[in-house]
Amino acid sequence: MSTVYDVTTWSVPGNPALTCYTDIGAVINSIIADIKAQQPGQASKPGAAIYVPPGDYPLRTRVVVDVSYLTIRGSGHGFTSSSIRYNAGSTASWHEIWPGGSRIRVENTDGRSEAFLVARTGDPRLSSVVFSNFCLDGVGFTPHQNSYRNGKVGIRVDTANDAFRVEGMGFVYLEQALVVRDADALSVSGNFIAECGSCVELVGSGQASKVTDNLIGAGYVGFSVFAEGHEGLLVTGNNVFPRGRSLVHFKNTNRSSISANRFHGFYPGLIDFEGTNRENLISGNHFRREAEPWAPMQPYGNGKDDLYGVVHLRGDANMVSGNLFVYNVPTAKIAPSGATPTVVLVASGADNRLSDNSFAANVAVKAVVLDASTTGTKVLDSATAAQFQSYTSNYTLRPTP
Amino acid sequence: MSTVYDVTTWSVPGNPALTCYTDIGAVINSIIADIKAQQPGQASKPGAAIYVPPGDYPLRTRVVVDVSYLTIRGSGHGFTSSSIRYNAGSTASWHEIWPGGSRIRVENTDGRSEAFLVARTGDPRLSSVVFSNFCLDGVGFTPHQNSYRNGKVGIRVDTANDAFRVEGMGFVYLEQALVVRDADALSVSGNFIAECGSCVELVGSGQASKVTDNLIGAGYVGFSVFAEGHEGLLVTGNNVFPRGRSLVHFKNTNRSSISANRFHGFYPGLIDFEGTNRENLISGNHFRREAEPWAPMQPYGNGKDDLYGVVHLRGDANMVSGNLFVYNVPTAKIAPSGATPTVVLVASGADNRLSDNSFAANVAVKAVVLDASTTGTKVLDSATAAQFQSYTSNYTLRPTP
Amino acid sequence: MSTVYDVTTWSVPGNPALTCYTDIGAVINSIIADIKAQQPGQASKPGAAIYVPPGDYPLRTRVVVDVSYLTIRGSGHGFTSSSIRYNAGSTASWHEIWPGGSRIRVENTDGRSEAFLVARTGDPRLSSVVFSNFCLDGVGFTPHQNSYRNGKVGIRVDTANDAFRVEGMGFVYLEQALVVRDADALSVSGNFIAECGSCVELVGSGQASKVTDNLIGAGYVGFSVFAEGHEGLLVTGNNVFPRGRSLVHFKNTNRSSISANRFHGFYPGLIDFEGTNRENLISGNHFRREAEPWAPMQPYGNGKDDLYGVVHLRGDANMVSGNLFVYNVPTAKIAPSGATPTVVLVASGADNRLSDNSFAANVAVKAVVLDASTTGTKVLDSATAAQFQSYTSNYTLRPTP
C-alpha cells in the first residue's frame, strides 16, 4: 500500500459522496484511519504523507491526528491580506478576494473549534508530526471583520509532543492560529502567520524548541509569539510586524533567547514578561514602536499605556543587550497624556542586566525605568543619565556617555 | 482539473511541437493561461503548482506571471561554479561542465531580458507567488566570461506584491538574479545566489521583508543584497561571500537589521549606505576584508579606496554593535598608497552609535572615522584612541581600553 | 526518461527480487547507475531526484553517490527518542517504538560503515548533492544502548564538494551522523540530529559554509558541531541541546561565527577550541550549563572538569560578546571538588576580546580566567573584579560595575 495520499483522489470507504470539496476534514480523518489500519503492528509504523494540492477546500469536520510521523503538506501557504480586503470597500473589480494556495477554509460544522487537533494518550508522546506549506483560513471574523474573534483554531496540539514541525504554513483570519501544549524540540519555521487573533501559542510547558525565520503578525487581541513554562526556547530571525497585543510574551519562561529579530508594534509591551522569567537573553533585536497609522484599526489597542514599557520585564537575571529601540509616537497619542514614555521597564526581579542598548525617539523618553521592587539591576551604556529613572536605589548605572 | 502541472508532460494546445525541451518559457506561459482558464471566477482562485523536474531546459520566451498563489518549483538548485570552469583551461576531462538540477537556461530569443517577469495591474497586489528549488542559469557572460554582464535577469517582480517567497533557488551567471519592486513581507531564504552581477535587489520600496539563511556572492559589478526605500527589512543568518561591489547596500532604507551574518569581501564598502538611512541595526556580524586572491579576478575591483570604509554609513541614529572586523590587505594593495585604511566610516548623519565592536588587522587601521559633517556620533569601546579619527568635534568617544 | 525516481517502484535490472524492502542501498545504487547511463554526455548532466516515501527500509549495502545534482528526499525526518525508549523498561504497551517517516535503517552487511558515501575523483568537485527530509536510523548501539557506539555513519562526504545541502533530515542512533570533508558553501539547515555519537563533523578544510536553524544534540562521546580547518563558517540560529562532549568544537578554524544560538550542556567545554583558532566571533548566544539530571546518563561525562571553562578558547583575536551564561551545577558535582568553576577560559593566544557578557550562577564562579600564556586579552564588562582571574599580567580589564 502507498504511504502517500492525495486528498483529491482519496475515496472514503462507504461514502463516495464525501470528497475534499465537501469536507476535507472528514477525508483526512478517513486517510488517518487507513494509515492506522495499514500499520497495525508496533514494530513498523512509519506514518505517511498526505498531500493537499492547490485548491479551495472546506473543512467541516475537525481532523484528529493521533499518529506519529504524519506529514500533511500542500503547495502554497497562499496568504493574502483579508484585512485589507474587508476594509477596502467594493472589491467587485478585484482579481481575487480570498487567500489561495492549498487553502483549507476552516468552517467547522461539528461544534469543534479546531481545524486540526493533535493529541494522543499513552506512551510514547507523539513524534514528528509535520504541517507544511498549506493555508488555514478562518474566512471571516465576528461580529465584524476587525474583531479577530471567531472561535476558530487552526492547529491545536494538546498532548506532549516531540520533534514536531510547522513549516512554510499560512494562517489567516483565525482567532488562534497555532497552539502547542508541552512541546519538546518543536520547530516553527518559515511560516506566514498573520491577521490571526494569536499566532504562535506555546502553552503548558516546553523545552528546546525554536521559532525561527517566520513572518508573524497577530491582531490586537492576542499574541504574536507566546511561551509559557518553556526552557531553552530560541526565538530568532523572525520579522514580527503589527499588530499583536504583544509580540513576544513570556510567562514563567526561563533560559530562552529572543535574538536577531525585527519587532514592529503599535502598542506598548512589544516584549511582555508575565510571572517570573529567569535568565533570558534579549539581544540584537530591532524594536520599532509607532502609533497605528491605519484608520480601520485606530479604534483598537491593547489597553496598556506608555509607562508599561516597549519591553516589560519581570524576572531575574535576564540580559537585554545590543538592541536598537526606535520610538516614534506623536505626543498627542502618548498615554497617559503628558507622560514621558518608558522604553524598557524592569517591573520586578533581581539582577537583570541591560547593556549596550541604543535608543532613538521623537520625544524625550525614559530609556530604562526600574520599579521600586527591583534589586541589583545593572544598566550599562543603555541610558543617558537623563533617560534613566529608578524607584529604587538598589541598582548599578553606567550611563551612556 | 488538476492544479499540479509538470512542464515535461504539458501539451501546449495547438502546438504539439512546443515542449519544455524547446522552450520552457512558452510552456509555462501556456500553463499559466490554463490556470487562468480553469479559475475564471473571483470567488475561487487558489492558483497552482508547476513542477520542473531535474533536467536541462532552454527558456527562449519570457514567462509572465500575473496570477497569485502560483508555485514554480523544481528538485534542485543545481549550482556549480561556472566561474571556476570558464577560467580552468581545458575541461575536456571534466565529469560535467554546466550547472544542473532543475536547470533553466536563460536564452531569451524574444527580445526580453527576464526569464520570469511577475507583474499585474489592478487590485489586489499579487500575493504568495513562490519560486522554489530550481536553477536559473545565464550560461555565459559577454564579451568575456568574467564580465558579469549579459543583460539577463532571472526573476523580476515589477509590481507591488505581498508574501512572495524565493526559497531554495539557484541563480548563476545572470547579470541580475532577483529584482523585486515594492515588496511587502517578502521572504528570500535558503537560496544559493552566486556568480551573478547582482544577486538580490529590492527596489522602489518595501516593508517587513526578510533575506535570511542564504548563500550569496555577487560579481564585482553589482550588489549581493540591495535594498531601496525599505522599512523593517531583516537581513540575518546569511553567508555572503565575494565578490560584490558591495555586500549589503542600503539606499534610503530605514529601521532595518543586518545581524548575525558572515560577510567576506575583497573591496572597500562591504556595507554601503547611500542616501539617508535611519535607525538601522548592524549587529553580531563577522566582517572579513581581504585582497582578491584569485588571479582571474585580480584585474577587477569596485573602484573604491580604503578610505571608503569596510562599512560606509550615511544616515542618522544607526547602531553598529557587537561586530568583529577582520582586515587583512597587503600594504602594497592598500589604496591610496600609504593610506591608513578606514574600517567604519561615518560619512554623514547625526546620532549614529558604534559600540562594542572589535577589530583585527594586519596593518594599523582607523577603526572609526567621522566625517566633518557628522554630528553626535557615539563611539563606545569600538576604537582605541589611536584607531579613532574625527574631522568634527561633535562626537562622544569612549576609547576601547 | 524520467529524472524522478521512487525507491518503491524501481526495478533493479536483472534482479527483480531486490527491492527497497530488502536493501534500499542496493536499490539507490541501481538508480544512480541508471542516472549515469541516461546522462552519458558531458554537455547535459542535470542529475535526478530520488524519492523515499514514508516507510521502513533496511539499508544493507552502502550507497555511493558520485554524481552531482542528485537529490535524495523523503517525506519526514521521523525522529523519535530511541534513548528514552531503550531506557524505559517495558514498552509493550507503546503505540510505536521506532523512528518513522521515510526511515532508513542503517544495517550494513557489506562491511562498510556508511549508509551514504559521497565521493568522486577528478574534476570538478561534486556539486549540489542534496539530502532532504528522510531519516537515517542506526537502530541500536553496542554493547549497550547508552554507549553511542556502533561504528555506523549516516552520510560521509569524502571528497571536496560545493553547494551541498543537508536539510530537514533526521539522524538518530548513529555513531557519526554527518561527516563532510573539504566543504565549500555547504548548507546544513533545518535538520534534527540527535542521539548520535557525533552530529555534524566538518573535517579537513572548508569555507563559506553554514550550519543554521537546526535542532542538534550529540552523545557524551562526540561533537554536536565540529569544524576543522574552516574559514568563514556561520553557525547561527541552532538550538543545541545535551549532551555532546562539546557543542561546538573548532579545530584550527578561523574567521567563523557562532551567533544567536542556544546552547545547553551537561559538561564543561560547551564551546571547545582546539589548536589555533583566529578571529572568530561568539556573540548573542545563550549558554546553559547544568548537571546531568537523567539517571541513565549520569554515569557518563566528557572527562573535563570545571576549570576547563564552559567556553574554552584557544587562539588569537577572537571576540566573545553579548552572550548570557547560566551556570547551575550543585556544589557536590563540581570538579575538582571545592573548585571555583571557570565560565570562559582563555587557554592560549593573543588579543582575544570578551565584552559585554553576562553571567548567572548558583555558586561563585570565575567568569573569565586567563592562562599564563595569554597576551593582550581585553575583558570589558564581562566579569566583576571578583569574577576575574588572570595568571598573566598581560591583559586589560574593565570589570563589570
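Residues numbered from 1 in each chain as written. Chains lettered and ligands numbered in written order. Predicted model: local features only at pLDDT ≥ 70, side-chain atom pairs only at ≥ 80, totals over all residues. Heavy atoms only, no water.

## Details of the interface of chain C and chain B
At step 1: With 55 residues of chain C at the interface, the matching set in chain B holds 54 residues.
At step 2: Between chain C and chain B, the buried area comes to about 4100 Å², and carbon and sulfur atoms account for 52% of it.
At step 3: The tally of links between chain C and chain B comes to 5 salt bridges.
At step 4: In this structure, lysine 210 of chain C engages aspartate 213 of chain B in a salt bridge whose closest nitrogen and oxygen atoms are separated by 2.9 Å.
At step 5: Looking at the side of chain C that touches chain B, its residues break down into 16 nonpolar, 24 polar and 15 charged. (Contact = heavy atoms within 4.5 Å. Buried area = accessible area lost by both parts, 1.4 Å probe. Salt bridge = Lys/Arg side-chain N within 4 Å of Asp/Glu carboxyl O. Nonpolar A, V, L, I, M, F, W, Y, C, P; charged D, E, K, R; others polar.)

## Focus on the packing of aromatic side chains
At step 1: Scanning the model with the defined rule gives 57 aromatic pairs over all chains in all.
At step 2: When the ring of tyrosine 220 of chain A is compared with that of tyrosine 300 of chain A, the centres are 4.4 Å apart and the planes differ by 5°; the resulting orientation is stacked. Taken together, the positions of tyrosine 220 of chain A in the loop between strand E20 (215–218) and strand E21 (223–228) and tyrosine 300 of chain A in the loop between strand E30 (286–290) and strand E31 (311–314) put the pair 80 residues apart, joining distant regions of the chain.
At step 3: For tyrosine 220 of chain A, a relative accessible area of 10% puts it in the buried group.
At step 4: Residue class for tyrosine 300 of chain A comes out partly exposed when judged on its relative accessible area of 25%.
At step 5: Taken together, a centroid distance of 4.8 Å and an interplanar angle of 35° make the contact between phenylalanine 223 of chain B and phenylalanine 226 of chain B tilted.
At step 6: Here the aromatic cluster, defined as three or more aromatic residues joined through ring pairs, consists of Tyr86, Trp98, Phe141, Tyr148, Tyr173, Tyr220 and Tyr300 of chain A.
At step 7: We note arginine 85 of chain B situated over the ring of tryptophan 98 of chain B; from NZ or CZ to the ring centre the distance is 4.3 Å.
At step 8: The lysine or arginine in question, arginine 85 of chain C, covers the ring of tyrosine 86 of chain C, its NZ or CZ lying 4.3 Å from the ring centre. (Phe/Tyr/Trp six-rings, centres within 6.5 Å; stacked < 30°, edge-to-face > 60°. Helix = DSSP H or I, 4+ residues; strand = E, 2+ residues; numbered from the N terminus. Buried < 20%, exposed > 50% of the residue type's maximum accessible area, 1.4 Å probe, protein only. Lys NZ or Arg CZ within 6 Å of the ring centre and 35° of its normal.)

## A short note on empty space enclosed by the protein
At step 1: In the structure shown here, the tally under the stated rule is 8 cavities of 30 Å³ or more.
At step 2: Across the lining of the second largest cavity, the residue classes break down as 3 nonpolar, 15 polar and 3 charged. (1 Å grid on protein atoms, 1.4 Å probe; cavity = no way out; pocket = protein on both sides within 12 Å on 5 of 7 lines; lining within 4 Å. Points joined across faces, edges and corners; volume = space filled by probe spheres on them.)

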